[in-house]
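Structural overview for review
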Amino acid sequence: MAFEHYIATEIAADHADGLFSRREALRRLALLGLSASAASALLAACESGESGESGGGGGGGGGGAARPEAAGTPSPLAELITFPGPAGQLQAAWAAPAQPAGAVLVVHENRGLTDHFIALPGRLAADGYAALAVDLLSREGGTASFGDPAEATAALAAAPRERLVADLSAGIDELQRRTSVQSVGVMGFCFGGGLTWELLSAGEGRLSAAIPFYGPFPPSADLSRATAAVLAIYAEQDTRVNASREAAVAALDQAGLTYEVRTFPGVDHAFFNDTGPRYNTQAATDAYRAVLDWFGRYLA
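Notes on the structure in this doc start here. Keep in mind it's a predicted model, so treat the numbers as computed, not measured.

Cut-off values and rules
Residues numbered from 1 in each chain as written. Predicted model: local features only at pLDDT ≥ 70, side-chain atom pairs only at ≥ 80, totals over all residues. Heavy atoms only, no water. Core = buried A, V, L, I, M, F, W, Y, C linked by side-chain atoms within 4.5 Å. Buried < 20%, exposed > 50% of the residue type's maximum accessible area, 1.4 Å probe, protein only. Helix = DSSP H or I, 4+ residues; strand = E, 2+ residues; numbered from the N terminus. Contact = heavy atoms within 4.5 Å. Pairing = 2+ DSSP bridges. Axes fitted to C-alpha atoms, helices over the stretch in contact; angles between N-to-C directions. Left-handed = near helix turned anticlockwise from the far one by under 90°. Nonpolar A, V, L, I, M, F, W, Y, C, P; charged D, E, K, R; others polar. Expected span 1.5 Å × (residues − 1). Phe/Tyr/Trp six-rings, centres within 6.5 Å; stacked < 30°, edge-to-face > 60°. Polar contact = N/O pair within 3.5 Å; in protein donor to acceptor, adjacent residues only side chain to side chain. Right-handed = clockwise from strand over helix to strand, strands pointing away.

By size, the foremost hydrophobic cluster in this structure holds 99 residues, and its most contacted members are M187, F189, W197, F213, F271 and F272. Per-element accounting of this core gives the leading share, 8 residues, to helix α10 (residues 281-298). Sequence-distant contacts of F189, that is, excluding residues within four places in its chain, are made with V106, V107, H108, E109, F117, L120, F213, Y214 and F272.

Here you go:
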């Protein structure tokens, strides 16, 4: 399954929230292949709230405050690496402590491997985990090869689900090769949160823990082959993604998985991204604490 519809509604929600102009929204929707009439109808529905798609969109492109480091504990810089994938070399950001407590796969938002997701493996490494963030645009030359972020988003929207899951599975291969640990977790954000659900639905049995941040639950996804303990994180004001929360909970119950659902009050979609306009310092701090607690329990 491609992600065109989810990303299209995300663009419409960003416009409705004033993050960019109608003209820019129409341009981005055209890159996804929407006709002018279809794009205009989607924007109108989102502006009026009739589509049920209101509530935050993507991580945005700046305007958020940078995350302050704890005094005396700067995160190590991630290393940009390449490794073999199912169809050529994959690019990624990688960081690890000397003796990792576990390994974590990081799945980026729909803008690709941006600075926020290059930095996140270093933050996890500072807290004891080897971490790898795969650039899911590697087959197109990598996120950095796109001069226009909207074109990067369109390329990700067009990528087949099977390809994205295969590249992420190769990332797990690389994590295990570099660390020799068997305990692997995954955390994904927005588009990457949806892919976290996709990995679970695909039966990726090497995952012990999974944390989808405000990730849309795939329609009719079956988690019966999953084995990971799942911490599903949502934002109270993110009605667009929250519309799939009940389906996610039902699937988790049916699969008999260990799970917890956390909905953070008073915040919107992408509240964790410290480079985005919806970043919320307190909620992001609390969510990261919950992430470390979850990994501490299920990646030990």
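Reading across the sheet, the 8 strands line up as β1-β2-β4-β3-β5-β6-β7-β8 and stay open at both edges, with mixed pairing between neighbours. The strands lining the two open edges of the sheet, one partner per strand, are β1 (79-85) and β8 (259-264). Direction aside, the axes of adjacent strands within the sheet are offset by 20 degrees on average. Relative to strand β4 (residues 129-134), strand β3 (residues 102-107) is paired through 5 bridges, and the arrangement is parallel. Within β4, the position partnered with A103 by the bridge is A130. Running at roughly 165 degrees to strand β6 (residues 207-213), α10 makes contact with β3, β4, β5 (184-189), β6, β7 (229-235) and β8 of the sheet.

Turning our eyes to something else, we now look at the environment of T281. Position of T281 among the secondary structure elements: in helix α10. For the pair T281 and S180, spaced 101 residues apart in sequence, the C-alpha separation works out to 35 Å.

This next bit is on the packing of helix α2 (residues 22-31) against helix α5 (residues 149-158). Interhelical geometry of α2 versus α5 gives an angle of 35 degrees and a closest axis separation of 9 Å. The two elements α2 and α5 meet at a crossing, and its hand is right-handed. Residue-level contacts link R27, R28 and L31 of α2 to A150, E151 and A154 of α5. The residue inventory of the contact of α2 with α5, partitioned by class, reads 3 nonpolar, no polar and 3 charged.

Spanning 13 residues, helix α1 (residues 4-16) covers 18 Å between terminal C-alpha atoms, matching the ideal 18 Å at 1.5 Å per step. For α1, a buried count of 10 out of 13 residues is recorded, marking the element as mostly surrounded by other parts of the structure. Among the residues of α1, those classed as buried are Y6, I7, A8, T9, E10, I11, A12, A13, D14 and H15. Positive backbone phi, approximately 85 degrees, marks G18, located one or two places after α1.

Here we take up the packing of aromatic side chains. Tallied over the entire structure, the rule returns 12 aromatic pairs. Centre to centre, the rings of Y214 and F271 are 5.5 Å apart; their planes meet at 70 degrees, and the pair counts as edge-to-face. Linking Y214 in the loop between β6 and β7 with F271 in the loop between β8 and α10, this pair joins segments that are 57 residues apart in sequence. Under the relative-accessibility criterion, Y214 is labelled buried at 0%. Assessed through its relative accessible area of 0%, F271 is described here as buried.

Here E198 shows up in helix α7 (residues 191-201). Side chain to side chain, E198 and R161 meet in a polar contact 2.6 Å long.

Okay, the pairing of β3 next. Two faces belong to every sheet, and in a regular strand the side chains alternate between them. Burial of β3 is extensive: 6 of the 6 residues sit out of reach of the surface. Where burial is concerned, the two faces of β3 agree: the one with G102, V104 and V106 and the one with A103, L105 and V107 are both buried. In this fold, β3 hands off to helix α4 (residues 115-126), which returns the chain to β4; that crossover is right-handed. Pairing analysis gives 5 bridges linking β3 to β5, with the strands arranged parallel. Its bridge partner lying in β5, A103 is registered against V184.

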